[in-house]
Amino acid sequence: MVIVAIENLCKTYQLGSRELCVLRGMNLSIAGGQYVAIMGPSGSGKSTLLNVLGCLDRVTSGTYELAGQDVSILSDDELSRIRGARIGFIFQSYNLIAQLNVIENIEVPMYYQGRSERESVSRARELADMVGLADRLTHRPFELSGGEQQRVAIARALTNDPVMILADEPTGNLDSESGAEIMRILQELHARGRTLVIVTHDSNVAARAQRTIHLLDGRIEREERTGPL
Amino acid sequence: MAMHVSTIKRTVTLGLKSLWMHRLRSALTMLGIVFGVASVIAMLAIGEGASREAQDAIARLGSTNLIVETVEPPKERADTGGQEEVHRYGLTYKDAEAIHDTIPDVDVVVPIRELDQEARYRRRKVAVKIVGSIPWYTDIVPIRMLRGRFLSSIDLRQQQNVCVIDERLVAGLFGFEDPVGKDLQIHGSCYRVVGVAGAVTFEAGRNGSTNGAALSSSSGAAAGNVYMPLTTAKSRFSEMDLAFSGGRESAKRVELQKITVKVQSMDDVLPMRDVVEALLKRLHEKNDYRIVVPLELLRQARRTQFIFSIVLGSIAAISLLVGGIGIMNIMLATVSERTREIGIRRALGARKHDIVVQFLSETLLLTLAGGLLGILLGLLIPLLVTHFGDMPTIITSTSLVLAFGISAAVGITFGLYPAYRAANMDPIESLRHE
């Protein structure tokens, strides 16, 4: 199954009277279960591509189909629903909500999908257990280490059983040991058949992926096969 | 917009958590609403209390009554030609008869003659006000008999030397003796006390509103009233009142101080005033009377109270408005401080609507909690005012509902803008926000 089908995608920002082309005619296809790394220097359009993939941003022209659904024509509310239901986000700076504890943070995406409290709690416990935080359920983010926070974020990304997990420099803020732990978990998710897209600067991280896509000036410069598909 | 009970519960819990994160800020923000609501309730209670007293005093005069009072007209020196003469003026027995006989809708006509005298019992003496009237006096003034009976028609017909004293005189004249059956000495004659009546005061409030003061029927010096048959009062006491003023002796002659006319219903009061006025105009050359309509005074008092309430309410509403602006200010600061949280929530599937609900419910929680505390404080302040300020206060349920409603309205009004601002932030920008 094709999860991401991007054709001729352009993204232009209006800066005053000047138009800034960030993505210029990009074509990209990602199949279900693939582990894809996106690399490139700053300004190459990595973040913009990630935002488009995550339905946080709209395309200027071209089409983007997510799991067979054309998302370039959806309303803001529909995009919110897609983000919550079909995509799992993992950020460089974890982005947990400070006033909520571990279990509540994991529950957030389920809350917006209107799932019942009882269901959310049991699902959140299960996921916390999976990322090895079963004994930290009532801790607040400031009581956790960076690695633990990122594990909460991974658990949170999995709650609604997304079709694709988007990770933006997931190990960027972590020491090598915690980073390795996070990479191990991601690897495991891939092994279980999840579709992963990781934006990274770190070639060691990229080396774990099956495909590495190098961006330059808003275009795909080249693609490497780093592992078997 | 349909929200499940559990959704509401979770929204409220989340709101409380966020507010609890900044306890001091939330508490300070709430204070604006607390004082606003408390002042609405307290001001309305004080206003209501002040006016109720005046209204009660007027209502005691009887809303179906029409009171015609004697007024001393300016003397016409030219007519008397310098020659000393008795100044005759005021209401007469004939007036009372005329009102009674010629106006068909009149229910009761009660002529009243008032005199300031000194009453004695054994060695004790006290300044009293003689109220000469008829047995139907009790129809126009709600007199409560504590002992014995009121004046009867036999007393009136036979000009009996009997009287009813008011309770304020009992201790001063009789000490611990039972006054009923004792003889009171007034102006050289003895009057048998047949009853003790509860005191009736017309003074409006301890502060005495203007309306009430004009209607006050007890003169300052008198310790209390002595009621006796009008016929007795007429025959035993001179209608002449001698006084020295400006080195000259002057004499006044007044028959009746008051005629109270009672009609069937409140609707008849104002037409009756016109009829009585027309009648008296024919009978009197001089403008030596005035007609007081308690109902009209009551309406005036109510109008005054209404305006008073509006003024007090507006002051309080302004303080609520200030509190509301304070809340909006804080919520805007909160929104910009929590930009990142908003971005995270949007990325995790929150719709704009969800963000609006989240921030609006936080504002509402603040204002409703502030409203509840304000109600408690608003209930306390009138109590303290009554206790220490010796002022009557009345807390109406309307003011509680009003204050709570206003605090909710303030929450929604001043919460909407920050909430919409939060919802309309660009998720990408918000996520990048430090």
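Residues numbered from 1 in each chain as written. Chains lettered and ligands numbered in written order. Predicted model: local features only at pLDDT ≥ 70, side-chain atom pairs only at ≥ 80, totals over all residues.

K.L.:
It is not clear to me how the overall build of chain A should be interpreted in this structure. Could you clarify?
P.N.:
Within chain A, the secondary structure is distributed over seven helices and ten strands. Taken over the C-alpha trace, chain A has a radius of gyration of 17 Å; the compact-globule value for 229 residues is 17 Å, and the two agree within 12%. Taken along the three principal axes of its C-alpha coordinates, chain A extends 50 × 40 × 40 Å. Taking all 229 residues of chain A together, the buried fraction comes to 48%. A separation threshold of at least 6 residues defines the contact pool for chain A, and within that pool the share at least 24 residues apart is 67%. (Helix = DSSP H or I, 4+ residues; strand = E, 2+ residues; numbered from the N terminus. Rg over C-alpha atoms; globule rule 2.2 N^0.38 Å. Buried ≥ 20, exposed ≤ 12 C-beta atoms within 10 Å, placed from the backbone. Contact = placed C-beta atoms within 7 Å.)

K.L.:
Whenever I open this one, the overall build of chain B confuses me. Can you help?
P.N.:
When its secondary structure is counted, chain B shows 15 helices and 13 strands. A total of 434 residues make up chain B; the buried ones form 41% of that total.

K.L.:
Please explain the environment of isoleucine 182 of chain A as it appears in this structure.
P.N.:
Relative to the assigned elements, isoleucine 182 of chain A resides in helix α6 (residues 176-191). Among all residues touching isoleucine 182 of chain A, those that are not within four sequence positions of it are Gly147, Gln150, Pro170, Thr171 and Leu174 of chain A.

K.L.:
Help me understand the sheet that holds strand β4 (residues 61-66) of chain A, please; the structure alone is not making it clear to me.
P.N.:
Backbone-to-backbone hydrogen bonds join strands into a sheet, with any given pair of strands oriented parallel or antiparallel. Residue and element names in this part refer to chain A. Here we have four strands laid out as an open sheet, ordered β2-β1-β4-β5, and antiparallel in their pairing. Edge strands, defined here as strands with exactly one partner in the open sheet, are β2 (18-31) and β5 (69-70). As defined by bridge partners, β4 adjoins β5 across two bridges and the pair is classed as antiparallel. From the neighbouring strand, leucine 66 faces β5, where its bridge partner is glutamine 69. (Pairing = 2+ DSSP bridges.)

K.L.:
What am I meant to see in the packing of helix α3 (residues 102-112) of chain A against helix α4 (residues 117-130) of chain A here?
P.N.:
Describing two packed helices takes the angle between their axes plus the distance from one axis to the other. Residue and element names in this part refer to chain A. Contact geometry of α3 with α4 gives a least axis separation of 9 Å together with a crossing angle of 125°. Classified by the angle between their axes, α3 and α4 sit oblique to one another. As for how α3 packs across α4, the hand of that crossing is right-handed. On α4, the residues touching Val102, Ile103, Ile106, Glu107, Met110 and Tyr111 of α3 are Ser120, Val121, Arg123, Ala124, Arg125, Leu127 and Ala128. (Axes fitted to C-alpha atoms, helices over the stretch in contact; angles between N-to-C directions. Parallel < 35°, antiparallel > 145°, perpendicular 65-115°, else oblique. Left-handed = near helix turned anticlockwise from the far one by under 90°.)

K.L.:
Looking at this structure, how should I read the sheet that holds strand β9 (residues 211-216) of chain A?
P.N.:
Residue and element names in this part refer to chain A. With respect to topology, six strands assemble into an open sheet ordered β6-β7-β8-β3-β9-β10, the strand pairing being mixed. On the outer flanks of this sheet lie β6 (87-90) and β10 (219-225), each paired with one strand and no other. Adjacent strand axes in the sheet meet at a mean angle of 20° when their direction is disregarded. Pairing geometry for strand β3 (residues 35-39) and β9, over four bridges, is parallel. From the neighbouring strand, valine 36 faces β9, where its bridge partner is arginine 211.

K.L.:
Please clarify how the interface of chain B and chain A should be interpreted in this entry.
P.N.:
By convention, interface size is frequently given as the accessible area that disappears when the constituent parts associate. Taken together, the contact pairs 18 residues of chain B with 22 residues of chain A. Put simply, the parts of the chain that give the side of chain B that touches chain A at least two residues each are α1 (5-21), α12 (339-347), α13 (352-389) and α15 (427-432) of chain B. In terms of residue class, the side of chain B that touches chain A is built from seven nonpolar, three polar and eight charged. (Nonpolar A, V, L, I, M, F, W, Y, C, P; charged D, E, K, R; others polar.)

K.L.:
Honestly, the nonpolar core in this entry has me stumped. Any pointers?
P.N.:
Note that soluble globular proteins tend to have their nonpolar side chains buried in a common cluster. All names here are of chain B. Val40 and Ile41 are the most contacted members of the largest nonpolar core, which totals 113 residues. Here this core takes 14 residues from helix α2 (residues 23-60), the largest share from any one element. For isoleucine 41, the residues in contact, after removing those within four places along its chain, are Ile375, Gly378, Leu379, Ile395, Ser399, Leu400 and Ala403. Counting 58 residues, the second-largest nonpolar core is a separate cluster that includes Val109, Tyr137, Val162 and Leu295. (Core = buried A, V, L, I, M, F, W, Y, C linked by C-beta atoms within 7 Å.)

K.L.:
Whenever I open this one, α13 of chain B confuses me. Can you help?
P.N.:
In an α-helix, one turn spans 3.6 residues, which is why side chains three or four residues apart end up on the same side. For α13 of chain B, which comprises 38 residues, the first-to-last C-alpha distance of 53 Å matches the rise-based estimate of 56 Å (1.5 Å per residue) to within 8%. Of the residues trailing α13 of chain B, aspartate 390 of chain B is marked for its positive phi of about 55°. (Expected span 1.5 Å × (residues − 1).)

K.L.:
Explain unusual backbone geometry here, please?
P.N.:
Residues and elements named next belong to chain A. Positive phi, close to 60°, is recorded for cysteine 55, a residue that is not glycine. With respect to the helices and strands, the residue cysteine 55 is situated in the loop between α1 (46-53) and β4. In this structure, tyrosine 94 takes a positive phi of about 65° despite not being glycine. Looking at the element boundaries, tyrosine 94 is found in the loop between β6 and α3. Exposure remark for tyrosine 94: the 23 C-beta atoms within 10 Å place this residue in the buried category.

K.L.:
Would you explain the environment of valine 261 of chain B in this entry?
P.N.:
Residues and elements named next belong to chain B. Mapped onto the secondary structure, valine 261 falls in strand β12 (residues 258-263). Residue valine 261 is classed as buried on the basis of its C-beta count, with 26 C-beta atoms lying within 10 Å. When the C-alpha positions of valine 261 and valine 106 are compared, they lie 6.9 Å apart, and in sequence the two are 155 residues distant. Those residues in contact with valine 261 that sit more than four places away from it in its chain are Asn65, Leu66, Val68, Ile99, Val106, Val109, Met272 and Val276.

K.L.:
Before we go on, may I ask you to explain the pairing of strand β7 (residues 183-186) of chain B in this structure?
P.N.:
Side chains on a regular strand alternate between the two faces of the sheet. All names here are of chain B. Only one face of β7 is covered, namely the face carrying Leu184 and Ile186; the face carrying Asp183 and Gln185 is uncovered. Sheet topology places strand β3 (residues 106-121) next to β7; two bridges connect them, and they run antiparallel. The residue of β7 that forms the bridge with arginine 120 is glutamine 185. Pairing geometry for β7 and strand β8 (residues 189-197), over four bridges, is antiparallel. Within β8, the position partnered with leucine 184 by the bridge is tyrosine 191. Counting the residues between successive antiparallel strands, the hairpin from β7 to β8 contains two residues, one of them, histidine 187, with a positive phi of roughly 50°.

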